[in-house]
Amino acid sequence: MDEQLQFQEQVPWTNEPPVSTEWYQWDFETFPSDLPELCEKKAIRMVARIYLPVMVVLFCVLGFLGNGILLLVRARYHRIQFLGDILLLHLAISDLLLLLTLPVGVAGMMGTWYLGKTACQVLQGFHALTFYSGFLFLMSLTLDRYIAIVWVPIARRMRPTASFWGKLCSGVMWLFSAALAVPNVMYAHVEDYKGFQLCRILDFAWASDGY
């Protein structure tokens, strides 16, 4: 008590109560269930209903146009024989497959999901597969360009077997991407939210706790 009075004399302008280390037991189960939701995000959803479809259409048009031209040029006018060519071809295929998942995914986000749990798992897994593979192929292309510029003798020795290494690297990338996509398939579920069926991925921590 003397220490508290001494502290108030040293700091006379403060009106805050003294700090207490007592523990207050909060019983969250006794809270009323009819409380309004803290974050409805109605304004954000209204903007998203216009913004997301427009952006998805733009991405799909530009993506199909750019990757389609790349595949056409590579298939018709250019012989695929180098490691970078093979990786670039698989990157374009991965991007095209990723674009196919965007309209279905956005449609499920904007409204209710009618296709069931199996289709939800396929969509989430396919989206993760193409998403991870795109990053891996970009990383491989960067590494290939680095070797070709910095380690020229190694690049020349690999040139006769570039086609083999390109196919091997591409296969490994697809397999690794499929392994990374397995959790998305396992934890994808259809969630009921205020009368809407949503295709979402269950939180890994909650799933491990049995929720």
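Residues numbered from 1 in each chain as written. Predicted model: local features only at pLDDT ≥ 70, side-chain atom pairs only at ≥ 80, totals over all residues. Heavy atoms only, no water.

Definition in use: UniProt positions are given in the numbering used here, feature names are shortened, and annotations may be inferred rather than shown by experiment.
Where an unreviewed UniProt entry is consulted, the chain appears under the name C-C chemokine receptor type 10, with the organism given as Crotalus adamanteus. According to the UniProt record, the Sequence similarities (unreviewed entry) comment for the chain reads "Belongs to the G-protein coupled receptor 1 family." According to the UniProt record, the Subcellular location (unreviewed entry) comment for the chain is "Membrane".

### Observations regarding the overall build of the chain
Note the following rule: The helix and strand labels rest on DSSP assignments: H or I over at least four residues marks a helix, E over at least two residues marks a strand, and numbering proceeds from the N terminus. For every residue, the accessible area obtained with a 1.4 Å probe (protein chains only) is divided by the maximum for its type, and the residue is called buried under 20%, exposed over 50%, and partly exposed between those limits. Throughout, a contact is declared for two residues whenever any of their heavy atoms are within 4.5 Å. We get accessible surface area from the Shrake-Rupley algorithm with a probe of 1.4 Å; when it comes to residues, only the shown protein chains can shield them.
Scanning the chain from N- to C-terminus turns up seven helices and two strands. Listing the helices and strands of the chain from first to last along the sequence gives α-α-α-α-α-α-β-β-α. Counting every position in the chain, which comprises 211 residues, the buried fraction comes to 24%. Put simply, 72% of the contacts in the chain that link residues at least 6 apart link residues at least 24 apart. Carbon and sulfur atoms provide 68% of the accessible area of the chain, an area that totals close to 15900 Å².

### A word on the UniProt feature "transmembrane region" (unreviewed entry) in the chain
Sites flagged by UniProt as "transmembrane region" (unreviewed entry) map to residues 50-74, 86-109, 129-152 and 164-186. Helix makes up 96% of residues 129-152 and strand 0%, and the two end C-alpha atoms of the span are 33 Å apart. Within the segment residues 164-186, helix and strand shares are 100% and 0% respectively, and the terminal C-alpha atoms sit 34 Å apart.

### Some details on the packing of aromatic side chains
To be explicit about the condition: We call Phe, Tyr and Trp rings a pair once their centres come within 6.5 Å, taking the six-membered ring for Trp, and we label the pair stacked below 30 degrees between planes, edge-to-face above 60, and tilted otherwise.
Taken as a whole and judged by the stated rule, the model has four aromatic pairs. With centroids separated by 5.0 Å and ring planes inclined at 65 degrees, the aromatic side chains of F131 and F135 adopt a geometry described as edge-to-face. Remark: F135 and F131 occur in helix α4 (residues 116-150); sequence separation between them is four residues, near one turn of the helix. Taking the relative accessible area as the measure of exposure, F131 reaches 38% and is therefore partly exposed. Measuring from centroid to centroid gives 5.5 Å for F137 and W174, while their planes differ by 65 degrees, and the two rings are edge-to-face. In this pair, F137 is assigned in helix α4 and W174 in helix α6 (residues 162-187), connecting sequence segments 37 residues apart. An aromatic cluster is built from F131, Y132 and F135, whose rings are joined through pairwise contacts.

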